[in-house]
Amino acid sequence: MTTRHLDISTDLLEQIKASKGSTPLPTEIQAKLFDAAMEAKSFSYSPYSKFPVGAAVLSESGAVFLGCNVENASYGGAICGERTAFVKAVSEGARKFVAVAVVTDLKSFASPCGFCRQFMVEFGKDLQVYLCQADGSIQFHVLRDLLPHSFGPEDLETFNAQ
């Protein structure tokens, strides 16, 4: 899997930032993120849970990073698709993100686990989260609503400034 690129206008990025993430991406960009997450899901290594997850993270530069869940016989050594995508992005130099799309085979929307939500807060509470079903249905959220009262980098900055 290679990194993809989507054209995101500066105006759209500024609009999303000004709205604290509440302005959804255009439908065509959501669809491209969905397609990327579906592709990522196809690479899932989930022999124990049989629950494949795919994720696609969109950076402010327009780069899209894919991730899937990778399980391990020790269970605790497993990593979720969302965190895989973010780790790949950060390891390639990305630090600012606009959105993440997550897809599973459930017939209902599957939200990121608590550990993934906390992990994603590190990169901004205004992150857009698109929950996707394999049939193409998409549900839009902002991370701050999925993890209210979260602990993030700004809390450490406040503590260290005391």
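Residues numbered from 1 in each chain as written. Predicted model: local features only at pLDDT ≥ 70, side-chain atom pairs only at ≥ 80, totals over all residues. Heavy atoms only, no water.

Further remarks concern the sheet that holds strand 4 (residues 97–104). Hydrogen bonds along the backbone pair up the strands of a sheet, which may run parallel or antiparallel. Overall, mixed pairing links the 6 strands, which are arranged 1-3-2-4-5-6 in an open sheet. Single-partner strands in this sheet number two, and they are strand 1 (4–5) and strand 6 (138–142). Across 6 bridges, the pairing between strand 2 (residues 54–59) and strand 4 is antiparallel. Paired with Leu 58 across the bridge in strand 4 is Ala 99. Packed onto the sheet, helix 2 (residues 27–41) meets strand 1, strand 2, strand 3 (63–68), strand 4, strand 5 (128–133) and strand 6 and runs at close to 135° relative to strand 2. (Pairing = 2+ DSSP bridges. Helix = DSSP H or I, 4+ residues; strand = E, 2+ residues; numbered from the N terminus. Contact = heavy atoms within 4.5 Å. Axes fitted to C-alpha atoms, helices over the stretch in contact; angles between N-to-C directions.)

This part is about the pairing of strand 2. The element strand 2 is largely enclosed, with a buried count of 6 among its 6 residues. Side chains Gly 54, Ala 56 and Leu 58 of strand 2 all project onto a buried face; the interleaved residues Ala 55, Val 57 and Ser 59 project onto the opposite face, where all are buried too. Judged from the 5 bridges that link them, strand 2 and strand 3 form a sheet pairing that is antiparallel. Looking at the pairing, Ala 56 lines up with Leu 66 of strand 3. Hairpin geometry of strand 2 and strand 3 is characterised by an intervening segment of 3 residues between the two adjacent antiparallel strands and by a positive phi of about 95° at Gly 62. (Buried < 20%, exposed > 50% of the residue type's maximum accessible area, 1.4 Å probe, protein only.)

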